[in-house]
Amino acid sequence: MYLLAMPGSPTADPADPPVLAVVDVAGRKLLQTVPVGKTPHGLRVTPDGSKLLVTNTADNTLSVLSLQPEAKVEATIKTGANPFEVIVNDAGDIAYVSNFLGDSIAVVDLKTNKTTGYIRSGKQPAMLSIHDNGGTTQLWVANSGSGEVWLIDPAARKLITRLPTGRGAHGTAITQSGKLYVTNTNDNSVTVIDLATE
């Protein structure tokens, strides 16, 4: 099965709502479409595979879908301005949403399906990565507008450190060897950070 957020096909009626497409990859066929919020962007399946989270950038919400027996929206949660990316902690009970035009990270309780607070970020936060540092959860945030990556303590909801990247910091990925890679869209480069030293 494959899940794809679609703002609408080129041949669709502009009045049609944005949908999430569920595709059987092996059978190469569309199984289901599910209406979500406006301009769906980020997707994340919870660690246990029971839920899918979708950021809806144009209406400042996060759609929470149950996936069994089929995809169905169970909650729509208000976030901040222009929710971009979503990531879930290892326990699967808390989601973090980057609010690209809100310069913040929304903290969402997936047990109650409510936003419980916000963490300040740099300018235009984009992609997020979670890192387990010896039992302590760390949240890394690429900030496109300020050209830096922030290390945040999500439990305390505060900044630990901020590091410069290239211009337009966007994507983040953490390797098993403990390195953080950040793509910089405005200068065609990648920043590499050794997490053992941070």
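Remember, predicted model here, so these are calculated numbers, not experimental data.

Draft legend 1. A look at the overall build of the protein chain. When helices and strands are counted, the protein chain shows zero helices and 18 strands. Computed over the C-alpha atoms, the radius of gyration of the protein chain is 17 Å, within 12% of the 16 Å expected from 2.2 N^0.38 for a compact globule of 198 residues. Projected onto its principal axes, the C-alpha positions of the protein chain cover 50 × 35 × 35 Å. Here the protein chain holds 198 residues, and 46% of them are scored as buried.

Draft legend 2. Representation of the nonpolar core in the model. If you look at the biggest cluster of nonpolar residues, it comprises 12 residues: Leu53, Leu62, Val64, Ala75, Ile77, Val86, Val88, Ala95, Val97, Ala106, Val108 and Leu110. Contributing elements (two or more residues each) for this core: strand S6 (61-66), strand S7 (72-78), strand S8 (83-88), strand S9 (94-99) and strand S10 (104-109). The residues contacting Ile77, other than those within four sequence positions of it, are Asn60, Thr61, Leu62, Val64, Val108, Asn113, Lys114 and Thr115.

Draft legend 3. Layout of the pairing of strand S4 (residues 40-45). For S4 and strand S5 (residues 51-56), the ladder comprises four bridges, and the chain directions are antiparallel. Across the sheet, the residue bridging to Val45 is Leu52, located in S5. Taking the residues that link successive antiparallel strands as the turn, the S4-S5 hairpin has five residues, and the phi of Gly49 there is positive, at about 75°.

Draft legend 4. Expanded view of the side chain of Thr165. Tracing the sequence through the fold places Thr165 in the loop between strand S15 (158-164) and strand S16 (169-174). Setting aside residues no more than four positions away along its own chain, Thr165 makes contact with Gly147, Glu148, Val149, Val182, Asn184 and Thr191.

Draft legend 5. Summary view of a nonpolar patch on the surface. Among the surface-exposed residues, Tyr181, Val190 and Val192 lie close enough to one another that they form a single nonpolar patch of about 250 Å² accessible area. In this structure, Tyr181 sits in strand S17 (residues 179-184).

Draft legend 6. View of the side chain of Ser121. As for its placement among the helices and strands, Ser121 is situated in the loop between strand S11 (114-120) and strand S12 (125-133). On the basis of relative accessibility, which here comes to 5%, the residue Ser121 falls in the buried class. There is a polar contact of 3.1 Å between the side chain of Ser121 and the backbone nitrogen of Ser104. Ignoring any residue separated from it by four or fewer positions in sequence, one finds Ser121 in contact with Asp103, Ser104, Ile105, Asn143 and Trp150.

Draft legend 7. Broad picture of the sheet that holds strand S18 (residues 189-194). Reading across the sheet, the three strands line up as S16-S17-S18 and stay open at both edges, with antiparallel pairing between neighbours. The open sheet has two edge strands with one neighbour each: S16 and S18. Each adjacent strand pair in this sheet contributes to an overall mean axis angle of 20°, direction not counted. As paired elements, S16 and S17 share four bridges and run antiparallel to each other. Its bridge partner lying in S17, Ala173 is registered against Tyr181.

Draft legend 8. Main features of the pattern of salt bridges. Evaluated as defined, the whole model comprises three salt bridges. For Arg44, the salt bridge identified is with Glu85, shortest N-O distance 2.6 Å. Placement of Arg44 in strand S4 and of Glu85 in strand S8 is noted, with a sequence separation of 41 residues between them. Two residues, Arg162 and Glu148, come together in a salt bridge whose shortest N-O distance is 3.1 Å.

Draft legend 9. Broad picture of the sheet that holds S10. Strand order in this open sheet of four strands is S8-S9-S10-S11, and the pairing throughout is antiparallel. With partners counted over all chains shown, the strands left at the sheet margins are S8 and S11, one partner each. Mean inter-strand twist for the sheet, computed between neighbouring axes without regard to direction, equals 25°. Where S8 and S9 come together, four bridges link them in antiparallel fashion. Bridge pairing in S9 links Val88 to Ala95.

What counts as what
- Residues numbered from 1 in each chain as written.
- Predicted model: local features only at pLDDT ≥ 70, side-chain atom pairs only at ≥ 80, totals over all residues.
- Heavy atoms only, no water.
- Helix = DSSP H or I, 4+ residues; strand = E, 2+ residues; numbered from the N terminus.
- Rg over C-alpha atoms; globule rule 2.2 N^0.38 Å.
- Buried < 20%, exposed > 50% of the residue type's maximum accessible area, 1.4 Å probe, protein only.
- Core = buried A, V, L, I, M, F, W, Y, C linked by side-chain atoms within 4.5 Å.
- Contact = heavy atoms within 4.5 Å.
- Pairing = 2+ DSSP bridges.
- Patch = residues over 30% accessible without salt bridge, like charges linked within 9 Å, V, L, I, M, F, W, Y side chains within 5 Å.
- Areas by Shrake-Rupley, 256 points an atom, 1.4 Å probe, with all protein chains shown as cover.
- Salt bridge = Lys/Arg side-chain N within 4 Å of Asp/Glu carboxyl O.
- Polar contact = N/O pair within 3.5 Å; in protein donor to acceptor, adjacent residues only side chain to side chain.
- Axes fitted to C-alpha atoms, helices over the stretch in contact; angles between N-to-C directions.

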